[in-house]
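Next come the chains, spelled out residue by residue.
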Amino acid sequence: MKKSKFTEQQIVTALREVESGARMADVCRKNGISAKTFYNWKAKYQGIDVSELKKMRELEQENSKLRRLVAQLSVDNMALKDVLSKKW
């Protein structure tokens, strides 16, 4: 998973600025993000506070590591089955 260059606090602050009435284009320009990035953040993080966002990111990283581990174990398992089937 690609590491965001924005902290959880920056993401939540940008979303709250727009919620409080600031123009989205101005918030994007100030933070150096595209409108698409803002809308992605809004879809993913709307209504989440900083601590919840940090926890979500930690869980996403852990999930990514576990998926890679399962994939590697599946490959190892298939290789072992292949060796055993050829042996007999």
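Residues numbered from 1 in each chain as written. Predicted model: local features only at pLDDT ≥ 70, side-chain atom pairs only at ≥ 80, totals over all residues. Heavy atoms only, no water.

1. Brief notes about the nonpolar core
Alright, step 1. Counting 14 residues, the largest nonpolar core has Ile 11, Leu 15, Ile 33, Trp 41, Tyr 45 and Leu 53 as the members making the most contacts within it.
Alright, step 2. At the level of secondary structure, the elements contributing two or more residues to this core comprise helix H1 (8-19), helix H2 (24-31), helix H3 (35-45) and helix H4 (50-87).
Alright, step 3. For this core, the leading source of residues is H1, giving four residues. (Core = buried A, V, L, I, M, F, W, Y, C linked by side-chain atoms within 4.5 Å. Buried < 20%, exposed > 50% of the residue type's maximum accessible area, 1.4 Å probe, protein only. Helix = DSSP H or I, 4+ residues; strand = E, 2+ residues; numbered from the N terminus.)

2. So, the pattern of salt bridges
Alright, step 1. Within the structure shown, the criterion is met by five salt bridges.
Alright, step 2. As a salt-bridge pair, Glu 8 and Arg 57 come within 3.6 Å of each other at their nearest N and O atoms. Of this pair, Glu 8 sits in helix H1 while Arg 57 is found in helix H4, placing the two residues 49 residues apart along the sequence. Taken as a pair, Glu 8 and Arg 57 share a single burial class, namely buried.
Alright, step 3. Close ionic contact of Glu 60 with Lys 44 constitutes a salt bridge, the shortest N to O distance being 3.2 Å. Here the residue Glu 60 occupies a position in helix H4, and Lys 44 occupies one in helix H3, the gap between them amounting to 16 residues.
Alright, step 4. For Glu 60, a relative accessible area of 21% translates into the label partly exposed. (Salt bridge = Lys/Arg side-chain N within 4 Å of Asp/Glu carboxyl O.)

3. Thoughts on H3
Given 3.6 residues per turn, any residue in an α-helix points the same way as the ones three and four places further on.
Alright, step 1. For H3, the set of buried residues is Phe 38, Trp 41 and Tyr 45. Taken end-on, H3 shows its buried residues confined to a sector of 65 degrees, consistent with a single buried face. Among the exposed residues of H3, those oriented more than 90 degrees off its buried face are Lys 36 and Ala 43.
Alright, step 2. Note on H3: the residue one or two positions beyond its end, Gly 47, has a positive phi of about 80 degrees. (Arc of directions from axis to C-beta.)

4. Considering a nonpolar patch on the surface
Alright, step 1. Nonpolar side chains collect at one region of the surface, where Leu 66, Leu 69 and Leu 73 lie side by side and expose about 280 Å² of accessible area between them.
Alright, step 2. Here Leu 66 is to be found in helix H4.
Alright, step 3. Classification of Leu 66 as partly exposed rests on a relative accessible area of 44%. (Patch = residues over 30% accessible without salt bridge, like charges linked within 9 Å, V, L, I, M, F, W, Y side chains within 5 Å. Areas by Shrake-Rupley, 256 points an atom, 1.4 Å probe, with all protein chains shown as cover.)

Such coordinate-based values are descriptive only and should not be taken to indicate function.
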